[in-house]
Amino acid sequence: MNADDQKKASGEAAALLVEPGMVVGLGTGSTAAWFVKALAARKLDIRGVPTSEATANLARELGIALTALDDVKSIDLTVDGADEVGPGLSLIKGGGAALLREKLVWEASKRCVVIADAAKQVKQLGQFRLPIEVVRFGHVHTGQRLADIAAEFDLLPPRLRMADRGLVVTDGGNVIYDMAPGLIAEPAALAGALKAVTGVVDHGLFLDLADEALIGTDQGVVKLLP
Ligand code: 5RP
């Protein structure tokens, strides 16, 4: 099984968790896209809350009814991918630059299920870059403060994320600084330090948010609990 087959299997397993009438948080990325496709195929009477414009477009194309986060009291179940799944289901997310909307949707959810291929599971977070969403105004100065924090945590300075056409700008109009890969010894302390910087909107450390993980492996989909 290649990584994409594993992503598909985990997305399809997660789609079976959805029940009619639910409000469902729809994650972002290639694994979440498999979930959205499998969910659409079930043709259930549900409403989806998308975590990005890309996911909203995909869900609309597939006929999933959408609603806005502010139009629901809470979300029954959110299913989303991750860049790394570490101990206790600590996560790095935001590879697709959607971490802010993702975290807002996750935090409004009664149950959060992370779906991923086997390579995403790690013994310690930090082999993947850590995305940090920063407001555009003064972002070079904010980036410098992030570099100071990186040094405190024995990590390399973050880099501004660029695409072929220039700066990567998130759905919220912000930019992304990626902290270079480096093992994160104290995720909670790092999360707190990053969040305390004026100009940081949020970061890709999702700690104590996932209720379960469905990991696609060559032996089938494996369920993990925190
Ligand atoms: C987007 C995310 C994605 O869930 C994460 O990047 C994983 O993506 P993929 O499923 O394509 O590997 O956090 O912001």
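What counts and how
Residues numbered from 1 in each chain as written. Predicted model: local features only at pLDDT ≥ 70, side-chain atom pairs only at ≥ 80, totals over all residues. Heavy atoms only, no water. Helix = DSSP H or I, 4+ residues; strand = E, 2+ residues; numbered from the N terminus. 1 Å grid on protein atoms, 1.4 Å probe; cavity = no way out; pocket = protein on both sides within 12 Å on 5 of 7 lines; lining within 4 Å. Points joined across faces, edges and corners; volume = space filled by probe spheres on them. Nonpolar A, V, L, I, M, F, W, Y, C, P; charged D, E, K, R; others polar. Domains from an automatic or database assignment. Buried < 20%, exposed > 50% of the residue type's maximum accessible area, 1.4 Å probe, protein only. Arc of directions from axis to C-beta. Contact = heavy atoms within 4.5 Å. Salt bridge = Lys/Arg side-chain N within 4 Å of Asp/Glu carboxyl O. Near = heavy atom within 4 Å. Polar contact = N/O pair within 3.5 Å; in protein donor to acceptor, adjacent residues only side chain to side chain. Sits in = over half its atoms within 2 Å of the grid points.

## Quick look at unusual backbone geometry
So, step 1. Notably, L89 is not glycine yet its phi reads approximately 60°, a positive angle.
So, step 2. Relative to the assigned elements, L89 resides in the loop between β4 (84-85) and β5 (91-92).
So, step 3. The phi dihedral of D208 falls on the positive side, at around 55°, and the residue is not glycine.
So, step 4. Following the sequence through the fold, D208 ends up in the loop between β13 (205-206) and β14 (212-217).

## Thoughts on the layout of surface pockets
So, step 1. As a volume, the largest pocket reaches approximately 340 Å³.
So, step 2. If you go around the largest pocket, you meet 24 residues; those closest to its centre are T28, G29, G95, G96 and A97.
So, step 3. When residues of the lining of the largest pocket are traced back to their parent elements, those giving at least two are α2 (30-42) and α3 (53-61).
So, step 4. Ranked by residue count, the leading element in the lining of the largest pocket is α2, at three residues.
So, step 5. Looking at the lining of the largest pocket residue by residue, the class counts come to seven nonpolar, 10 polar and seven charged.
So, step 6. Looking at the lining of the largest pocket, you find at least three residues from each of domain 1 (3-121 + 207-224) and domain 2 (130-203).

## Here's the deal with α3
So, step 1. Listing the buried residues of α3 in full gives T55, A56, L58 and A59. Buried residues of α3, seen end-on, are gathered within an arc of 165° and therefore sit on one face of the element. Projecting away from the buried face of α3 at angles above 90 degrees are the exposed residues A54, R60 and E61.
So, step 2. Looking at the packing, one finds that the buried side of α3 touches β1 (23-26), α2 and β2 (47-50).
So, step 3. After α3 finishes, the residue G63 shows a positive phi value of roughly 85°.

## Some thoughts on the pattern of salt bridges
So, step 1. For the structure on display, the rule yields 12 salt bridges.
So, step 2. With a shortest N-O distance of 3.4 Å, K8 and E12 are connected by a salt bridge. Here K8 and its partner E12 are both found in helix α1 (residues 3-15), four residues apart, which amounts to about one turn of the helix.
So, step 3. For E12, a relative accessible area of 35% translates into the label partly exposed.
So, step 4. Of the charged contacts, one joins D171 and R101 as a salt bridge, the two residues approaching to 3.9 Å between their closest N and O atoms. With D171 in the loop between β10 (166-167) and β11 (175-179) and R101 in helix α4 (residues 99-107), this pair connects stretches of sequence that are 70 residues apart.
So, step 5. Assessed through its relative accessible area of 37%, D171 is described here as partly exposed.
So, step 6. Judged by its relative accessible area of 30%, R101 falls in the partly exposed class.
So, step 7. Residues participating in the shared-partner salt-bridge network are E53, R101 and D171.

## So, the site of the ligand
So, step 1. Taken together, 17 residues lie around the ligand, and S30, T31, D83, G94 and K120 are the ones closest in.
So, step 2. K93 places a side-chain nitrogen or oxygen 2.9 Å from an oxygen atom of the ligand.
So, step 3. Here an oxygen atom of the ligand and a backbone polar atom of G95 are 3.4 Å apart.
So, step 4. According to the grid-proximity analysis, the pocket containing the ligand is the largest pocket.
So, step 5. Along the lines of polarity and charge, the residues of the shell around the ligand split into three nonpolar, eight polar and six charged.

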